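Summary of the model geometry
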Amino acid sequence: MKTSELFKMKRVLSFEIFPPKRTDSVDKIYDMVSAMKELNPDFISVTYGAGGSESNAELYNIASAVKNDYGIESVAHLPCINLTKMEVRKMLDDFKNSGIENILALRGDLNPDITPQNDFRHASDLISFIKESGDYNIIAACYPEGHIECQNIVEDIRNLKCKVDAGASQLITQLFFDNNYFYSFREKAAIANINVPIEAGIMPVTNKKQIERIVALCGVDLPKKFLSVMNRYENNPEALRDAGIAYAVDQIVDLIVQGVEGIHLYTMNNPYVAHRIYNSINTLLVT
Ligand code: FAD
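Below or above, wherever it landed, is the structure these notes cover.

Attention now goes to the overall build of the protein chain. Summing up its helical and strand segments, the protein chain has 10 helices and 8 strands in all. Here the protein chain has a C-alpha radius of gyration of 18 Å; the compact-globule value for 287 residues is 19 Å, and the two agree. Principal-axis analysis of the C-alpha atoms gives the protein chain an extent of 50 × 45 × 45 Å. Looking at the protein chain residue by residue over its 287 residues, the buried ones come to 52%. For the protein chain, the exposed area adds up to about 13500 Å²; of that, 49% sits on carbon and sulfur atoms. With 29 positive and 37 negative side-chain charges, the protein chain shows a separation of 2 Å between the mean positions of the two kinds.

Shown next, in the form of structure tokens:
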């Protein structure tokens, strides 16, 4: 099923997972998917590193198992900056053969140690290419605070419009900790005639290291309220985890009240956290 169709019927709840590290057992990921299945997510998306550190076999195997063995709709992430058109075509064929019809089309982060291929410069190039290659549902990334490389949000929204015009039928945001960025972004998107469903990406922060990585990677704002919660419990891992979950639940409740079309949970491969969040918001999702 094309995940963009889900939004016509309900408020969507989806999870993001990543393939295991080379040192981890693959079985662990399947135990996790099995635990997440109990929460009845509308889809699970599987990340893929632009740096090519993971083999794309893992992406197929996991995305395909999510769909075919666990009966959950799956989305394959596809960052294109270091791939050729031929490689992407092969991946698309493999997706089709595994029954995967939903692709999150991304540029990927620029890596100073890797010279990019020149076949795709922006995610919009990939979206046009996928659109011409077959009947896939294409999802794109968006940034409530603006993408880290972009000088201003207006330019970023224009570039986002290009992705939608090229064929993206659904958007997922980068994580954010202040919902006001999301509401303001949603208004700007509507003014720019971006009329596809936008899912809010929420990451429950459960340890201090995670926060440092997030800021370095995507430069999102850490509001005062968030920082005081994190600082208060930084030396108590259990309390920090519980406070991180409570903060994410608080964000989600507010988003639902404000009519968000979907919540995409960055699960960090942690089914315990996914369960805790789900149990707190489950009844709200249907109202
Ligand atoms: P683009 O849409 O190409 O935008 C990148 C920058 O270029 C922006 O600043 C934009 O304003 C600008 N731009 C776009 N088009 C043009 C144009 N025509 N002319 C000039 N400037 C332009 N990365 C991974 O490696 N693997 C993953 O699995 C992954 N999953 C993600 C999931 C989500 C939900 C999100 C939000 C991000 C994910 N990322 C992932 C990170 C993503 O690859 C990076 O944020 C990357 O830097 C930008 O990707 P993009 O697809 O948004 O790029």
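What follows picks up the thread again.
Next up on the list: the pattern of salt bridges. Inspection of the entire model under this criterion finds 13 salt bridges. Here Lys 2 makes a salt bridge to Glu 101, at a shortest N to O gap of 3.5 Å. Remark: Glu 101 occurs in the loop between helix H3 (85–97) and strand E4 (102–106) and Lys 2 occurs in the segment before strand E1 (12–17); sequence separation between them is 99 residues. For Lys 2, a relative accessible area of 22% corresponds to the partly exposed category. When the shortest N-O distance is used, the salt bridge between Asp 250 and Lys 225 registers 2.9 Å. Pair noted here: Asp 250 is in helix H9 (residues 237–257) and Lys 225 is in helix H8 (residues 224–232), with a separation of 25 residues, a long-range link. Taking the relative accessible area as the measure of exposure, Asp 250 reaches 40% and is therefore partly exposed.

Around the ligand lies a shell of 22 residues, among which Tyr 48, Asp 109, Tyr 143, Asp 156 and Lys 163 are the nearest. In the model, an oxygen atom of the ligand is placed 2.9 Å from a nitrogen or oxygen of the His 77 side chain. In the environment of the ligand, an oxygen atom lies 2.8 Å from a nitrogen or oxygen atom belonging to the backbone of Arg 107. Expressed as a share of its isolated accessible area of 980 Å², the protein-covered part of the ligand is 83%.

Here is what the cut-offs are and how they apply
Residues numbered from 1 in each chain as written. Predicted model: local features only at pLDDT ≥ 70, side-chain atom pairs only at ≥ 80, totals over all residues. Heavy atoms only, no water. Helix = DSSP H or I, 4+ residues; strand = E, 2+ residues; numbered from the N terminus. Rg over C-alpha atoms; globule rule 2.2 N^0.38 Å. Buried < 20%, exposed > 50% of the residue type's maximum accessible area, 1.4 Å probe, protein only. Areas by Shrake-Rupley, 256 points an atom, 1.4 Å probe, with all protein chains shown as cover. Lys, Arg positive; Asp, Glu negative; His and termini not counted. Charge placed at Lys NZ, Arg CZ, Asp CG, Glu CD. Salt bridge = Lys/Arg side-chain N within 4 Å of Asp/Glu carboxyl O. Near = heavy atom within 4 Å. Polar contact = N/O pair within 3.5 Å; in protein donor to acceptor, adjacent residues only side chain to side chain.

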